[in-house]
Amino acid sequence: MRFEIMKAGKVKLCASLCMWLGIVTWIGNVKLYFWSVFVQQPTERGSGVVLSFTNEQVNVSERHAPWNAGLQDGKSFRTRSPLDNVIEHRVFWSAWLEGLSTRVFDVEHERKWRDHVRYARVVVLEAGCGRPTNRLATFADGTRACVRYGIDADQVLGETLSYYLAELLGISNLPPLALSKLNLSSEQWASVRENIEALEWSPNAIVSLTEFIPNVTGVFIPLHLRKQQDSLQLSAETISNMTLTYLVELTQWSDLILFDYLTANFDRIVSHIFSLQWDARVMERTTNNLLKTVSGHLLFIDNEAGLIHGYRVLDLWERYHTLLLSSSCIFRRSTVRRISEMKRSGNSAKLLCELYRAREPLARELGSLSEEHALTLQNRIDAVYKHIKKCTEIM
């Protein structure tokens, strides 16, 4: 009897212990749940968002987002595995980082701006917009634009084709552009006729109009690109000390390097590299024809040297173009996809000219790429494609 009573007591004791253990476990799970919700709040906005790149969907979740995605800009970008979060497949900027790099100029804004300035009345024409030959135009409604006359028509053509090539590549860092003819008796230019005659601009010449962006600043070449032996191949230690703003800017630099190679534009970074022969500190100065908006977007301006003139003097600059291209081995997936499509087409110049003629009423009058330059463009598309493929093999 005593044994049975003791046995029953032990059973009750075990039952009590199990009940208390269950309660403690339940409380622990509740605390853990609320703690996980609290910790994940900074990145919750990004979870579940689907971004499409290279014909694939990438879920922006904890696997892609940085551990400190909720940190305010300006603080060091420190992650547990920086390369895994920032760079995918060793050569692509991660989907979540590319998603932070929004389009600089909205497509609808560009269309409306082009349609407006082609016929809007210019009331003021004054010095501004960089080169002495450029002018800052103010329209009757207060809209402002940079007017580029160019030393010759090829510079205006190069500027225009560079703009539409960027559009083909999905690069939105070039301000909206439209062409206009200097018809001094037209309503558009009549109010500034005396200014135009004083400048000795040829009547009926075609000029380019690009949107004037206020409150911009100069841009310095990234530190790890200032030395020729360095490249856009980032280490985990380097990335851990970068801010989100700086990383987003680097994604734009990777586009700029490819873009300037394709257009053979020597009047930006390449001219700095060339000047190293006699100016050891040139890379420490702001970059030619490159500006930054208050929101952190880079603006690729003054592209007159691209394509036409750049191709004509290619032999003088090709060494430096190749050097610049080799400095970058990290790319935006969306840009690589466009380059791959243009390589497969085998006729990039045709795609470019079709877009140019569809959007620009004065395209046929201004002209387009010669057969020789069309071949050069395709060769450079192929060279960039080959470079990207090489990066995937060596990284």
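Structure's up top.
So, how was this worked out
Residues numbered from 1 in each chain as written. Predicted model: local features only at pLDDT ≥ 70, side-chain atom pairs only at ≥ 80, totals over all residues. Heavy atoms only, no water. Salt bridge = Lys/Arg side-chain N within 4 Å of Asp/Glu carboxyl O. Helix = DSSP H or I, 4+ residues; strand = E, 2+ residues; numbered from the N terminus. Buried < 20%, exposed > 50% of the residue type's maximum accessible area, 1.4 Å probe, protein only. Contact = heavy atoms within 4.5 Å. Pairing = 2+ DSSP bridges. Axes fitted to C-alpha atoms, helices over the stretch in contact; angles between N-to-C directions. Disulfide = S-S within 2.5 Å. Core = buried A, V, L, I, M, F, W, Y, C linked by side-chain atoms within 4.5 Å. Parallel < 35°, antiparallel > 145°, perpendicular 65-115°, else oblique. Polar contact = N/O pair within 3.5 Å; in protein donor to acceptor, adjacent residues only side chain to side chain.

Caption draft 1: Local environment of the pattern of salt bridges. All told, the structure shown has 25 salt bridges when counted by the stated rule. With a closest N to O distance of 2.9 Å, Arg-131 and Glu-304 form a salt bridge. Here the residue Arg-131 occupies a position in the loop between strand E5 (122–127) and strand E6 (134–139), and Glu-304 occupies one in the loop between strand E12 (298–300) and helix H10 (308–312), the gap between them amounting to 173 residues. For Glu-304, a relative accessible area of 5% corresponds to the buried category. Salt bridges linked by common partners bring Glu-108, Arg-111, Asp-115, Arg-118 and Glu-360 together as one network.

Caption draft 2: Summary view of the side chain of His-321. Mapped onto the secondary structure, His-321 falls in helix H11 (residues 314–325). Judged by its relative accessible area of 2%, His-321 falls in the buried class. Excluding residues that lie within four positions of it along the chain, His-321 makes contacts with Asp-260, Tyr-261, Ala-264, Asn-265, Phe-266, Val-270, Leu-314 and Arg-380.

Caption draft 3: Here's a closer look at the sheet that holds strand E8 (residues 177–181). Pairing within the open sheet is antiparallel, and its five strands lie in the order E5-E6-E7-E9-E8. With partners counted over all chains shown, the strands left at the sheet margins are E5 and E8, one partner each. Neighbour to neighbour, the strand axes of the sheet diverge by 30° on average, direction disregarded. Pairing between strand E7 (residues 144–148) and strand E9 (residues 206–211): four bridges, direction antiparallel.

Caption draft 4: Structural detail: the state of the cysteines. If you walk through the whole model with that rule in mind, you get two disulfides. Two residues, Cys-129 and Cys-146, share a disulfide whose sulfurs are 2.1 Å apart. In this structure, the disulfide formed by Cys-129 and Cys-146 twists by about -80° around the S-S bond and is classed as left-handed. With Cys-129 in the loop between E5 and E6 and Cys-146 in strand E7, this residue pair connects regions lying 17 residues apart in the sequence. Disulfide pairing places Cys-329 opposite Cys-391 at an S-S distance of 1.9 Å. Between Cys-329 and Cys-391, the disulfide has an S-S torsion of -80° and is therefore left-handed. On the criterion of sequence distance, the pair formed by Cys-329 in the loop between H11 and helix H12 (333–345) and Cys-391 in helix H15 (residues 371–394) is long-range, its members being 62 residues apart.

Caption draft 5: Quick peek at the nonpolar core. Core analysis: the largest hydrophobic core is formed by 64 residues, its most contacted members being Trp-253 and Leu-377. The element contributing the most residues to this core is helix H5 (residues 153–169), with nine residues.

Caption draft 6: Spotlight on the pairing of E7. In terms of burial, E7 is a largely internal element, four of the five residues being buried. Counted along the chain from E6 to the antiparallel partner E7, the turn is four residues long, and its residue Gly-142 has a positive phi close to 95°.

Caption draft 7: The arrangement of the packing of H5 against helix H13 (residues 348–359) in detail. Where H5 meets H13, the axes come as close as 9 Å, and the angle between the chain directions of the two elements is 105°. Relative to H13, the element H5 lies roughly perpendicular. Contact residues: H5 offers Leu-157, Thr-160, Leu-161, Tyr-164, Leu-165, Glu-167 and Leu-168, while H13 offers Leu-351, Leu-352, Leu-355, Tyr-356 and Arg-359.

Caption draft 8: Region of the structure containing the side chain of Asp-302. As for its placement among the helices and strands, Asp-302 is situated in the loop between E12 and H10. Asp-302 gets classed as buried once you look at its relative accessible area, which sits at 4%. Within the structure, Asp-302 has its side chain in polar contact with the side chain of Arg-148 (distance 2.3 Å). Not counting residues within four places of it along the chain, the set of residues in contact with Asp-302 comprises Cys-129, Arg-131, Asn-134, Arg-148, Glu-159, Asn-265 and Asn-289.

Purely geometric stuff here, so don't read any function into it on its own.
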